[in-house]
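Here is how the chains run, residue by residue.
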Amino acid sequence: MKKALFFLVFLISISVLLSVAVLKKDYQVIIARFEKDSFKIYPKDCFVRFENKNYLAVNRWIYHWNILSKRITPHNESIVVEKFNFFDHPYSTEEKEFAFLHLKEKDKSIKYNGKLYSIDHANGDSIFSKSHTDEIIIFINSKNSD
């Protein structure tokens, strides 16, 4: 009886670990805005080119195992990288909203943190959506998000 119970627990554990490993997704979510004069202030690495415009990547949220692990923001002549540890680093009020990745892909739209975004362009592992006239949001399903 003990062997059967142990074997059952072992099989359930292996099944859970395999399903988590298979279903694991690392994502980057980039929010970028078009600002005419920002190209002079920020480094070129802070920009995303879309529809012949350079958009400044205002926030770049990086998720591992659907938990926020980094936030990258541009600053004059550099970028700032905030690393998060779910257990050690307390999230700020703004970051709490993004602490867990709530993302669901549908036919022609993506639901991200309760908002619905239409898919305007898809290229490989990247999905582009114009949320406003001068703002885009990019969803990148990536294995190497560093």
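Scoring rules and cut-offs
Residues numbered from 1 in each chain as written. Predicted model: local features only at pLDDT ≥ 70, side-chain atom pairs only at ≥ 80, totals over all residues. Heavy atoms only, no water. Pairing = 2+ DSSP bridges. Helix = DSSP H or I, 4+ residues; strand = E, 2+ residues; numbered from the N terminus. Axes fitted to C-alpha atoms, helices over the stretch in contact; angles between N-to-C directions. Core = buried A, V, L, I, M, F, W, Y, C linked by side-chain atoms within 4.5 Å. Buried < 20%, exposed > 50% of the residue type's maximum accessible area, 1.4 Å probe, protein only. Contact = heavy atoms within 4.5 Å. Patch = residues over 30% accessible without salt bridge, like charges linked within 9 Å, V, L, I, M, F, W, Y side chains within 5 Å. Areas by Shrake-Rupley, 256 points an atom, 1.4 Å probe, with all protein chains shown as cover. Salt bridge = Lys/Arg side-chain N within 4 Å of Asp/Glu carboxyl O.

Some words on the sheet that holds strand β7 (residues 109–112)
Then step 1. Across the sheet, 3 strands lie side by side as β6-β7-β8; this open sheet has antiparallel pairing. The sheet is open, and its two edges are formed by β6 (103–105) and β8 (115–118), each paired on a single side. On average, adjacent strands in this sheet sit at an angle of 20° to one another, irrespective of strand direction.
Then step 2. Sheet analysis places β6 next to β7, joined by 3 bridges and oriented antiparallel. Its bridge partner being in β7, Glu 105 is matched across the sheet by Ile 110.

Observations concerning the nonpolar core
Then step 1. Ranked by internal contacts, the top residues of the largest apolar core, which has 15 residues, are Val 29, Trp 61, Tyr 63, Leu 101, Tyr 112, Ile 137 and Phe 139.
Then step 2. With 3 residues, the top contributor of residues to this core is strand β1 (residues 27–34).
Then step 3. Excluding residues within four positions of it along the chain, Ile 137 makes contact with Val 29, Ile 30, Ile 31, Tyr 112, Tyr 117, Ile 127, Phe 128 and Ser 129.
Then step 4. Ranked by size, the runner-up nonpolar core spans 10 residues in total, among them Ala 32, Val 48, Phe 50 and Ile 136.

Some details on a nonpolar patch on the surface
Then step 1. Taken together, Phe 6, Phe 7, Phe 10, Leu 11 and Ile 14 make up a surface patch of nonpolar side chains, about 520 Å² in accessible area.
Then step 2. By the element assignment, Phe 7 lies in helix α1 (residues 2–23).

Section: the environment of Ile 41
Then step 1. Counting through the fold element by element, Ile 41 comes out in the loop between β1 and β2 (47–50).
Then step 2. Judged by relative accessible area, which is 43%, Ile 41 ranks as partly exposed.
Then step 3. Sequence separation of Ile 41 and Asn 76 is 35 residues, and the distance between their C-alpha atoms is 6.0 Å.
Then step 4. What Ile 41 contacts, discounting residues up to four positions off in sequence, is Asn 76 and Glu 77.

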